[in-house]
Structure formats: structure tokens, C-alpha cells
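# Geometric and topological summary
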Amino acid sequence: MYDTLFINGDWVAASSGKTLAVINPATEAVIAEVAAGSPADIDSAVSAAKAAFTHWSKTSGAQRGAYLRAIARRIEAGAEELAALSSGNNGKPLSEARIDIDDAIATWDYYAGLAEQLDARQNAEVPLAMPGYRSSSRLEPAGVVGLIVPWNFPFVTTAWKVAPALAAGCTLVLKPSEITPLVELQLGAIAQSVGLPAGVINIVCGSGSDVGSALTAHPDIAKISFTGSNRVGEIVMQSLAKQVKGLSLELGGKSPMLVMDDADLDQATDWILGGIFYNAGQMCSATSRLLVHESIAPQLLQRLKAATEALKLGDAFEEGVQMGPLTSKAQFDTVMGYIERGQAEGLTLLTGGRRAEGFERGYFIEPTIFVDVPTDSALWREEIFGPVLCVRTFSSEAQAITLANDSDFGLAAGIISQDNAKAQRIAEQLQAGHIWINSLQLVCPETSWGGFKRSGIGRELGPWGLAAYLEVKHITQPLAEL
Ligand code: TXE
């Protein structure tokens, strides 16, 4: 299937006849050649989705929920193969890819439930203060939607978009990242295997400049949901502004982790490491700015250095590996560029800072920690999207909150404290879409995902994720006519 695109329920050749090489980032070997779509293929995919919308949008929520549950069960049945496919292409340890697949299954099941509940929400009466009139509301699918996803959590970010879009009654064109298309293409095979009507899901691989921009500019697309860089988010927004169309943007982050003076230092060490080195730090929600109370900084930094240097790097499939390579050469170069810049700025390295030793091939970088990073350093302010942690100390709760909020981004934050009232008080003052107190980054289908400030527009997951694909319609008429 890799040399074809999934359009109108079928595997079809790309009109350009061109292909894109897909790389295993641990070995740098080409593991597949996928068909590279073109604007002509986007046209075909959008036409198929438009035709399918006619009947799919009229199905009941219960019918759509049954398809979503069937997809969840198919993913479950093939979970191990999907995880392996994802690891081999993204580079993440197999244990992490398994968590991704479980997250995707939970998301499909959750939106099956919301689809089923949708029928009872139709034609709901809206009480009016004005006498003599009756009004009711309906929730109708937005139309054909375009979904553009990145490479850091393939199959998961995709589930967060595709499942609610289908639950709402939308049909769609998915554009996977050109870096990690393999596991995404499996969704076409899964859709076929559960008998999803042709054209409801279409998948067109290809570059952002060809396929992504053709999708955002297409006149028959009702809405775009995009996850990726701020740079491309701006381009997508400009394209949609010309057509006055809806969009959701999930963009970058530079999230803070606040460690208060009463923190349990061993637990704090685990949570800090998880927040920055999971997925080799390639997380929009990475807690990449560490703020530590000055009274515990020396002890905590000592633990962090030891735990970081003990992390096992390696190939996704090697037993016990805790961190894989960066997912692409481009990302490797970006992250190394930031590390070199930090060194040029004279920042103090606690550990790391080099291409990892012992690997002849692969985009491996040592997990890296810089301390006492000035707030005007690019490393403190910009999203690095790699295993690089920047640390500063604070002396009071108020200073910690000010430093945490001093960012263009506002996606997530972590707080570590044994004083629950203090942690809650701080959480209420942080400008971020999701705040974790004394925990790793738990993302559940029921909770929202998205950010304040330049981290994006709108929310995914939860009922908000479904609302993004629904239009609200009111029907109002005189009571006398009823
Ligand atoms: O993202 P791009 P890249 C951030 C992170 C990273 C940086 C660059 O900081 O270092 O982005 O990553 C498609 N019209 N995040 O270059 O280019 C592209 O094909 C429409 C944060 O990989 O934004 C891919 O499918 N689409 C992020 C998707 O956009 C276009 C996750 C994302 O690619 C397009 C990934 C165009 N003109 C990176 N150009 C997060 N929020 O989690 C590209 N694309």
C-alpha cells in the first residue's frame, strides 16, 4: 500500500508518479518509498470526501459510533504491529509506541461514546425569555475537513482529529507528515476492513508545500485542523483567512516545570526526566523550562545529572532502551544548532551537549541540561523540540509564577509540591492549557488539549474536540404554529 494513496476507499497511484523516501532514524536506512501526492490528488480526495459527505452526514450518531468502535477493535487486534511500525519510523522506544497505540484506542472508543450521545442532543429545546416562540438547537457536521498532522506522535495526533471528525459526521482528507507516513497509512486498511463507506476517510501523503498547501487552499474544505510548527501554522491561518474558514491550531510550547521547596526530590527527578526526555523531547508539551526553588537546587541538580547520564539510549527495539534518536536529520540539526548556540552564549552545561557516542549511525543526541539559563536566551524562549532542558532557580512562589508565565507559549505546565493547597493555588495562576500536579504528562481523551497564547487556537479531545467539527443550528418559530 505504501506506493499508493488512499482515495475513495481504494489504493490509487499518485498522479505525479513520484515517491518520498521514509527513513529509520536509528539506522538512517530507507525503509519504504511512499507515493508523493500532488494538488491533483488532493482534488480527487476532496471530491471523494464531498460525495461521501452526502450520506455520511445523514447517518445517526449511533451508526457512526458503531464504526468508531469497530476501528478501535481493529487497532487493538493489530496493536503490536502498529507499535512496531511506528517505532521503526519515528525512532521512539517500542514501550512508548505501545502507549501511543493504547492512547489511540482510548480516543476512538471515547469518541464512539460521544457519537452515540449525539442523537439525544439533536433538536434540544432552548428556553427563551421571549414569550410566544419556541427554539431548538441542532449539531450538524461542519463538512469535508482537512487534517494535517506532524511526526512526533503519529497515529495518536491523528486519532485526536480523525475520531471526533467522523463522530461529528464529517468526511475528511488526512495529510500525514512526510516523515512518518507508514503507520498513518494503516488507517486506510483499517477503514476498509470495517467497511467504512468509500470516501469518508482519504489519505494523501506528500510534502507540506505541495499537498498540505493544496489542502488548505481547496474551496471545498470546510475546516482545517493542523498540528505542527508555528511557522506553518501562520501559513495555514493566512490561507484560511482568505476564504474565511474555520481552523484549529495546535502549535509549539515552552512549558515550565515548577519544583517547590517541599518537593520529594526522587519523585521530582522522575517527573522532570519524563517531561523532557520522553520521545527524545519531541513533544509540544515538553516541560523544557525547569524552575527550581533555590533551597533545593543543588541536591536536585545532582540527582538530575546522575539520572540523566544513566538513561539508556538506543534503537527502538533494543530491550531496556529509554530514549531513541531524533526522528529526522532536520530535527537533529535543529537541536544540535540550539546546543551549539547555548555553548556559544557561554551557558553552563550540567550534562550532555554532544552527538551521543557509541552510535555509528542514527540521529542520537545526548540528553542535555543547561543551568542558570538567562531569560533572554533563545534556549529559554524558543521551542527546541529535542532532549534539551534549561534550568533556572527562584526564591519565592510569586517569582516562580512570573517566570513560568513569561513565555510566548502556554500549552502545558508541571508543578511538584507536597502541599496540595499551594500546588492548586499556583495551577490557577499559570497561563497554560493543561497543568499536571505531581504527575507525568497524563493526557486522557476526556481532558482538553490545546494552549493559551501562541500555542494555538481551539482545543482537541474531550467534548471540545467534537465541538470543533460541529456547526450549531437553531430553529425558531412562533408557538402558535405548533
Ligand atoms: O513541522 P511542520 P516540522 C515544531 C517543532 C519542530 C518544528 C518543525 O518545534 O522543531 O515544528 O517541525 C505540514 N501547508 N513542531 O518541520 O513543517 C507538514 O507536511 C500545509 C511542533 O516537521 O509544521 C506536516 O504534515 N501543511 C509540533 C505538518 O505540516 C504544511 C509537532 C507539520 O510540519 C505546510 C511537530 C504548508 N505550507 C513540530 N508545510 C507539535 N505542536 O506537536 C508543512 N506542512
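Residues numbered from 1 in each chain as written. Predicted model: local features only at pLDDT ≥ 70, side-chain atom pairs only at ≥ 80, totals over all residues. Heavy atoms only, no water.

## Here we look at the nonpolar core
Among the nonpolar cores identified, the biggest contains 122 residues, and Trp108, Leu166, Val259 and Ile272 are the most heavily contacted of them. Here the element with the most residues in this core is helix 4 (residues 94-121); it accounts for 12 residues. Counting 31 residues, the second largest nonpolar core, distinct from the first, contains Leu291, Ile339, Leu347 and Leu379. (Core = buried A, V, L, I, M, F, W, Y, C linked by side-chain atoms within 4.5 Å. Buried < 20%, exposed > 50% of the residue type's maximum accessible area, 1.4 Å probe, protein only. Helix = DSSP H or I, 4+ residues; strand = E, 2+ residues; numbered from the N terminus.)

## Points about the sheet that holds strand 22 (residues 470-478)
A sheet is described by the order of its strands in space; here three strands give the open sequence 5-6-22, paired in antiparallel fashion. In this open sheet, the two strands that pair with only one neighbour each are strand 5 (124-125) and strand 22. (Pairing = 2+ DSSP bridges.)

## Notes on the site of the ligand
Around the ligand lies a shell of 24 residues, among which Val149, Trp151, Glu178, Ser229 and Glu383 are the nearest. In this structure, an oxygen atom belonging to the ligand sits 3.0 Å away from a side-chain N or O atom of Lys175. The fraction of the free accessible surface of the ligand (810 Å²) that becomes covered by protein chains is 86%. Where the shell around the ligand is concerned, the elements lending two or more residues are helix 7 (208-217), strand 10 (223-227) and helix 8 (230-243). The element contributing the most residues to the shell around the ligand is helix 7, with three residues. (Near = heavy atom within 4 Å. Polar contact = N/O pair within 3.5 Å; in protein donor to acceptor, adjacent residues only side chain to side chain. Areas by Shrake-Rupley, 256 points an atom, 1.4 Å probe, with all protein chains shown as cover.)

## Examining a nonpolar patch on the surface
Nonpolar side chains collect at one region of the surface, where Leu128, Met130 and Tyr133 lie side by side and expose about 290 Å² of accessible area between them. If you trace the backbone, Tyr133 turns up in strand 6 (residues 133-141). (Patch = residues over 30% accessible without salt bridge, like charges linked within 9 Å, V, L, I, M, F, W, Y side chains within 5 Å. Salt bridge = Lys/Arg side-chain N within 4 Å of Asp/Glu carboxyl O.)

## Observations regarding the packing of aromatic side chains
Taken as a whole and judged by the stated rule, the model has eight aromatic pairs. Note on Trp160 and Trp449: the rings are 5.8 Å apart at their centroids and 65° apart in plane angle, and the pair reads as edge-to-face. Placement of Trp160 in helix 5 (residues 156-168) and of Trp449 in the loop between strand 19 (434-437) and strand 20 (452-453) is noted, with a sequence separation of 289 residues between them. Looking at Trp160, the relative accessible area reads 11%, which means it is buried. By relative accessible area, Trp449 is classed as buried at 3%. Summarising the aromatic geometry, the rings of Phe332 and Tyr363 are spaced 6.2 Å apart at their centres and angled 45° between planes, so their arrangement reads as tilted. Separated by 31 residues along the polypeptide, Phe332 in helix 11 (residues 329-344) and Tyr363 in the loop between strand 14 (348-351) and strand 15 (368-371) bring together distant segments of the chain. (Phe/Tyr/Trp six-rings, centres within 6.5 Å; stacked < 30°, edge-to-face > 60°.)

## With respect to the pairing of strand 18 (residues 412-416)
In summary, the side chains of a regular strand alternate between the two faces of the sheet. Counting buried residues in strand 18 gives five out of five residues, a clear majority hidden from the surface. Burial of the side chains of strand 18 extends over both faces: Ala412, Gly414 and Ile416 are buried on one face and Ala413 and Ile415 on the other. As paired strands, strand 18 and strand 19 are joined by four bridges and run parallel to one another. Bridge assignment links Gly414 to a residue of strand 19, and that residue is Trp436. Handedness of the crossover is the feature at issue here: the chain leaves strand 18, passes through helix 14 (residues 420-429), returns alongside strand 19, and the resulting connection is right-handed. (Right-handed = clockwise from strand over helix to strand, strands pointing away.)

## Concerning helix 8
Between its first and last C-alpha atoms helix 8 spans 20 Å; for 14 residues at 1.5 Å apiece the expected length is 20 Å, and the two agree. Within helix 8, the full set of buried residues consists of Asn230, Gly233, Val236, Ser239 and Leu240. Packed against the buried residues of helix 8 are helix 7, strand 10, strand 11 (246-250) and strand 17 (409-410). Just past helix 8, the residue Val244 takes up positive phi, approximately 50°. (Expected span 1.5 Å × (residues − 1). Contact = heavy atoms within 4.5 Å.)

## Some words on the sheet that holds strand 19
The mixed open sheet is built from seven strands, whose spatial order is 14-15-16-13-12-18-19. At either margin of the open sheet sits one strand with a lone partner, and together these are strand 14 and strand 19. Across this sheet, the average inter-strand angle for adjacent strands is 25°, counted without regard to direction. Examined bridge by bridge, strand 13 (residues 289-293) and strand 16 (residues 388-394) share five bridges and lie parallel to one another. Bridging across to strand 16, His293 finds its partner in Phe394. (Axes fitted to C-alpha atoms, helices over the stretch in contact; angles between N-to-C directions.)

## Observations concerning the pattern of salt bridges
Overall, the coordinates contain 25 salt bridges when judged by the stated rule. Its salt-bridge partner being Arg69, residue Glu116 comes within 3.0 Å of it at the nearest N-O pair. Of this pair, Glu116 sits in helix 4 while Arg69 sits in helix 2 (residues 61-77); the two residues are 47 residues apart in sequence, bridging distant segments of the chain. With a relative accessible area of 30%, Arg69 lands in the partly exposed category. As a salt-bridge pair, Glu140 and Arg138 come within 2.7 Å of each other at their nearest N and O atoms. The class of Arg138 is partly exposed, set by a relative accessible area of 23%. Residues participating in the shared-partner salt-bridge network are Arg69, Arg73, Glu76, Asp109 and Glu116.

## Here we look at the environment of Asp41
With respect to the helices and strands, the residue Asp41 is situated in helix 1 (residues 39-56). Residue Asp41 is classed as buried on the basis of its relative accessible area of 5%. Separated by 25 residues in sequence, Asp41 and Ser16 have C-alpha atoms that sit 8.7 Å apart. Not counting residues within four places of it along the chain, the set of residues in contact with Asp41 comprises Leu5, Ile7, Ala13, Ala14, Ser15, Ser16, Ala36 and Val204.

## Here we look at the confidence of the model for the protein
A residue-level look at the protein finds 100% of positions with pLDDT of 70 or above and a mean pLDDT of 97. Averaged over each element, pLDDT in the protein is lowest for strand 5 (96) and highest for strand 8 (residues 171-175) (99). (pLDDT = per-residue confidence, 0-100.)

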